[in-house]
Amino acid sequence: MARSGRFRRNQSWPFLGAVAGRLGRLATSGLSLLASNVTGPPPEGLSRSERTTGPNRGANLQSSTCHIARLRSQLGEDLGDCVAGGCLQVLWQPQVEIATGRVVAMEALARWCHPRHGAVSPAVFIPIAEATGSIVPLGRHVLDLAIRQLASWQRLHPTLAPPRIAVNLSACQLRDDATLGEWVQERLGAHGVAPGRLELEVTESTLVEHRALAGALLAEMRAGGVRVAIDDFGTGYSNLANLAGLPFDVIKVDRTFVASIGLDPRGTAVTRLILELAERLGAETIAEGVETDDQLAWLARMGATHVQGYRFSEPLDTPGATNVWLRQPWLRAEGLRGVLD
Ligand code: C2E
Ligand code: MG
Ligand code: MG
């Protein structure tokens, strides 16, 4: 598992340092249950006997459920305050074009550092934002930061094309933010950013479940020059007949497929098929979650056009991302020539 050439871990952001330990603890203390269910381990604070079976199991489960509901509701309020106060932050994860070794884009990944719980994973807080309605201001906040960042990179080096920025959109934004399309165009115009610098990522499952809504907004965005990517492709049981009619520029191959490459022949075969399908549809591909040289070499052979993952870089803060952009071309310079040749 060679990971030697990747960008250095960002020390200034507690999420990256704490992700394994703290989130692990938070997850087992119940935050992982907040989104949808109460079938996992109960939160911290309950005694061992309260966690196990026994005569009081029903009551304990009820108390655990109440605890989780309270925690969830408190987090929902805190998140609303954080978004309103502009405290939510974003990190940027590089996307590398295999043919040139250049970082051509960065994915914006939201980060919430809770004053008491520390770093909370987006896998936990995005569903809370969706349930409480703060996903609409949260989504606009992330888009606004992305557009401002593009403008700032343009100002820094007017002659150098800045990386595109890809922003995740949630299904609830498509449903609840009726003026999102106009707002994005207005923001791009106000900051003098070409629409083609922005990419919107919508998961395959959102496209399957909200086809009409998503299709209409994405077609509008694309008509205005904004790029569209289908995120987590291969996990949403896409109706392939629908795919042909959808407006998109990029297919992001989900990291579960990338993880199977070279280890599981069936997973490798499906990855190959997705890459072939994308090519035939005229779309670029980004393989997500690339962690090893082996995966990179397989992906290059199978025709992937772009890669993203810890092999190249973890999500970076703004100075880190700017530095990466200015160190172009990165991939070959870092000694990966042997992997790709
Ligand atoms: P995603 O859009 O598929 O983003 C990729 C996730 O994979 C990120 O997790 C990233 O940190 C992680 N990742 C990147 N490279 C690797 C790798 O090599 N190995 C592994 N194991 N993981 C890797 P993160 O930042 O925790 O985000 C999780 C999800 O939360 C995102 O998945 C996206 O669906 C959602 N999310 C994050 N930010 C936003 C946002 O601003 N708005 C919305 N609506 N959703 C967001
Ligand atoms: Mg994404
Ligand atoms: Mg993804």
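What counts as what
Residues numbered from 1 in each chain as written. Chains lettered and ligands numbered in written order. Predicted model: local features only at pLDDT ≥ 70, side-chain atom pairs only at ≥ 80, totals over all residues. Helix = DSSP H or I, 4+ residues; strand = E, 2+ residues; numbered from the N terminus. Buried ≥ 20, exposed ≤ 12 C-beta atoms within 10 Å, placed from the backbone. Contact = placed C-beta atoms within 7 Å. Axes fitted to C-alpha atoms, helices over the stretch in contact; angles between N-to-C directions. Parallel < 35°, antiparallel > 145°, perpendicular 65-115°, else oblique. Left-handed = near helix turned anticlockwise from the far one by under 90°. Nonpolar A, V, L, I, M, F, W, Y, C, P; charged D, E, K, R; others polar. Pairing = 2+ DSSP bridges. Expected span 1.5 Å × (residues − 1). Arc of directions from axis to C-beta. pLDDT = per-residue confidence, 0-100. Near = placed C-beta within 6 Å.

1. As for the overall build of the protein
What the protein contains, in helices and strands, is 16 helices and nine strands. Taking all 341 residues of the protein together, the buried fraction comes to 39%. Long-range contacts, defined here as pairs at least 24 residues apart, represent 68% of the contacts in the protein between residues at least 6 apart.

2. Description of the packing of helix α8 (residues 180-191) against helix α10 (residues 211-223)
Between α8 and α10, the shortest axis-to-axis distance is 10 Å and the interhelical angle comes to 20°. Compared by their axis directions, α8 and α10 come out roughly parallel. Relative to α10, α8 is oriented so that their crossing is right-handed. Contacts between α8 and α10 involve L180, G181 and V184 from the former and L217, E220 and M221 from the latter. Classifying every residue of the contact of α8 with α10 by side-chain character gives four nonpolar, one polar and one charged.

3. Re the pairing of strand β4 (residues 164-169)
A large share of β4 lies buried, amounting to five of its six residues. With four bridges connecting them, strand β2 (residues 103-114) and β4 associate as parallel partners. Bridge pairing in β4 places M106 opposite I165. Bridge analysis of β4 against strand β5 (residues 198-203) gives five bridges, and the strand direction is parallel. Along β5, the bridge assignment pairs A166 with E199.

4. Some thoughts on α10
Residues spaced three or four apart along an α-helix point in a common direction, a consequence of the helix completing one turn every 3.6 residues. The first and last C-alpha atoms of α10 sit 17 Å apart over 13 residues, in line with the 18 Å expected at 1.5 Å per residue. Regarding α10, the residues found buried are A214, L217, L218 and M221. In an axial view of α10, the angular spread of the buried residues amounts to 95°, which keeps them on one side of the axis. With respect to the buried face of α10, the exposed residues turned more than 90 degrees away are A212 and A223. Those residues of α10 that are buried are in contact with α7 (171-176), α8, β5, α9 (204-209) and β6 (227-233). Following α10 by one or two positions, G225 adopts a phi angle in the positive range, close to 100°.

5. A few points about unusual backbone geometry
Of note, the phi angle at D232 is positive, near 55°, even though the residue is not glycine. Residue class for D232 comes out partly exposed when judged on the 18 C-beta atoms lying within 10 Å of it.

6. Some details on the confidence of the model for the protein
Model confidence for the protein is summarised by a mean pLDDT of 82, while 79% of its residues fall at 70 or above. When the criterion is pLDDT under 50, residues 1-30 qualifies, and its contacts beyond four places in sequence or with other chains add up to 56 contacts. Predicted confidence for residues 32-52 stays below pLDDT 50, and this span has 35 contacts to residues more than four positions away or in other chains.

7. Here's the deal with the pairing of β2
Summarising the sheet, strand β1 (residues 89-97) and β2 pair through eight bridges and their orientation is antiparallel. Among the inter-strand pairings, Q89 is bridged to a residue of β2, identified as R111. The turn joining β1 and β2, which pair antiparallel and follow one another in sequence, is formed by five residues; a positive phi near 75° is taken by G101. Hairpin remark: β2 followed by strand β3 (residues 118-120), antiparallel, with three residues in the connecting loop.

8. As for the site of ligand 1
Surrounding ligand 1, one finds 23 residues, the nearest of these being A110, P122, S170, G309 and Y310. When contributions to the shell around ligand 1 are tallied by element, the ones reaching two or more residues are β2, α5 (122-132), α6 (135-156), β4 and β6. Residue classes in the shell around ligand 1 are distributed as ten nonpolar, seven polar and six charged.

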